[in-house]
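Chains, contacts and geometry: an overview
Letter by letter, the chains look like this.
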Amino acid sequence: MDVLHEIAVRVAMRAAEHVRLRRPQVFGGSSSVDDDAVQSKSTPTDPVTVVDTETERVLREMLAQLRPSDSILGEEEGSEDESLDGVRWVLDPIDGTVNFMYGIPAYAVSVAVQIDGVSVAGAVVDVARDLVYSAAKGRGATVRGADGTEENLRCSGVTELSMTLLATGFGYGASRRAVQGAIISELLPQVRDIRRIGSAALDLCMVASGAVDAHFEHGLSPWDWAAGALIAAEAGAVVRLPAPNSTSAQGFATVAIAPGISNAFLAALRSAGALDPIPG
């Protein structure tokens, strides 16, 4: 486990260096961006940049050297092996691509390693703030600052639903967004406030650190939650996840909650219909 954890941290940090270097080269100091630098995926508002694809290649090349027998699932290149058996690395080269494009400092590299579909180690690097969140199953979760200092992560001690700071995100399709908007309108009067950061991996790490008290979102893919959900769980969060072979289109909910409000928040989600999938 320690070896897998160390590799996850190592390759995520190397990929984050690439993202940090390439952003000003691709998006900074220019009145326009080359048409080849940004393409659309599921909808015109769902972008992928050349840096996403480059960074996934950096991750895959490192893992090919360090763990040549393991399978890989990546956001941009998918997987050649659909089986969940054995060791699988789950990669999101840039979680928060829209933030990355616009220069909003909230995007991350996420690397998880799963055994038989269960995350056992993972790392999420907050690229702009140079923070490295990581965890190994049963070993707790930590965050390492730019100065190298490391702290243990623990969820907030909030006990009242009305005092809950909630993080969430929205899909790219209009029909899913309409349902999500209705859910938010029901939840908003019940909580302290809502934050939409734009990176599910960072949302989950913020639950782990206590920066927010809960996170839920529909339609995440495994690469969005595989590392962050483990980090949140190891920091004490109550976590509910889609199946490891689920797809975004199925629209299942991902939930992470500080333990003191877990029952009340789950009840609020259930009442709002937020535990049901939102296909799209």
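Here is a short report on the structure shown in this document. This is a predicted model, so every value here is computed, not measured.

Rules of the game
- Residues numbered from 1 in each chain as written.
- Predicted model: local features only at pLDDT ≥ 70, side-chain atom pairs only at ≥ 80, totals over all residues.
- Heavy atoms only, no water.
- Pairing = 2+ DSSP bridges.
- Helix = DSSP H or I, 4+ residues; strand = E, 2+ residues; numbered from the N terminus.
- Axes fitted to C-alpha atoms, helices over the stretch in contact; angles between N-to-C directions.
- Contact = heavy atoms within 4.5 Å.
- Core = buried A, V, L, I, M, F, W, Y, C linked by side-chain atoms within 4.5 Å.
- Buried < 20%, exposed > 50% of the residue type's maximum accessible area, 1.4 Å probe, protein only.
- Phe/Tyr/Trp six-rings, centres within 6.5 Å; stacked < 30°, edge-to-face > 60°.
- Expected span 1.5 Å × (residues − 1).
- Polar contact = N/O pair within 3.5 Å; in protein donor to acceptor, adjacent residues only side chain to side chain.

1. Structural notes on the sheet that holds strand β13 (residues 238-240)
Across a sheet, paired strands are connected by hydrogen bonds in the backbone, their directions being either parallel or antiparallel. Taken in spatial order, the 5 strands line up as β11-β10-β12-β14-β13 in an open sheet, and their pairing is mixed. On the outer flanks of this sheet lie β11 (193-195) and β13, each paired with one strand and no other. The sheet shows a mean angle of 15° between the axes of neighbouring strands, direction not considered. When strand β10 (residues 165-168) meets strand β12 (residues 214-218), the two strands line up parallel, connected through 3 bridges. Paired with L166 across the bridge in β12 is A214. This element, helix α5 (residues 200-209), spans β10, β12 and β14 (253-257) of the sheet and lies at about 155° to β12.

2. Regarding the nonpolar core
Counting residues in hydrophobic clusters, the biggest one holds 59 residues, and the most contacted among them are V124, F216, I231, V255, F265 and L269. No other element matches the 8 residues that α5 contributes to this core. Residues contacting L269, with those up to four places away along its chain left out, are L187, F216, V255, A274 and L275.

3. Considering the packing of aromatic side chains
Applying the stated rule across the entire model yields 3 aromatic pairs. Here the aromatic rings of F27 and F100 are separated by 5.5 Å at their centres, their planes lie at 85°, and the arrangement is edge-to-face. Of this pair, F27 sits in helix α1 (residues 2-27) while F100 sits in helix α3 (residues 97-102), and the two are 73 residues apart along the sequence. Across this residue pair, the class does not change: F27 and F100 are buried. On the basis of an interplanar angle of 80° and a centroid distance of 5.2 Å, the ring pair of F100 and Y107 is categorised as edge-to-face. Cluster of aromatic residues (ring-pair linked, three or more members): F27, F100 and Y107.

4. Here's the deal with the environment of L84
With respect to the helices and strands, L84 occurs in the loop between β3 (71-74) and β4 (87-95). As for L84 and S71, which are separated by 13 residues in sequence, their C-alpha atoms are 9.1 Å apart. With sequence-adjacent residues up to four places away left out, L84 is seen in contact with D116, G117, P244 and N245.

5. Topic: helix α2 (residues 50-66)
Between the first and last C-alpha of α2 there are 25 Å, a value that for 17 residues agrees with the 24 Å anticipated at 1.5 Å per step. Along α2, the positions that sit buried rather than exposed are V51, D52, T55, E56, V58, L59, R60, M62 and L63. Considering only its buried residues, α2 is in contact with α1, β2 (47-49), β3, β4, α3 and β5 (108-115). Where α2 begins, the side chain of T49 points an oxygen toward the backbone nitrogen of V51, at a separation of 3.1 Å.

All quantities given are derived from atomic positions and should not be read as evidence of function.
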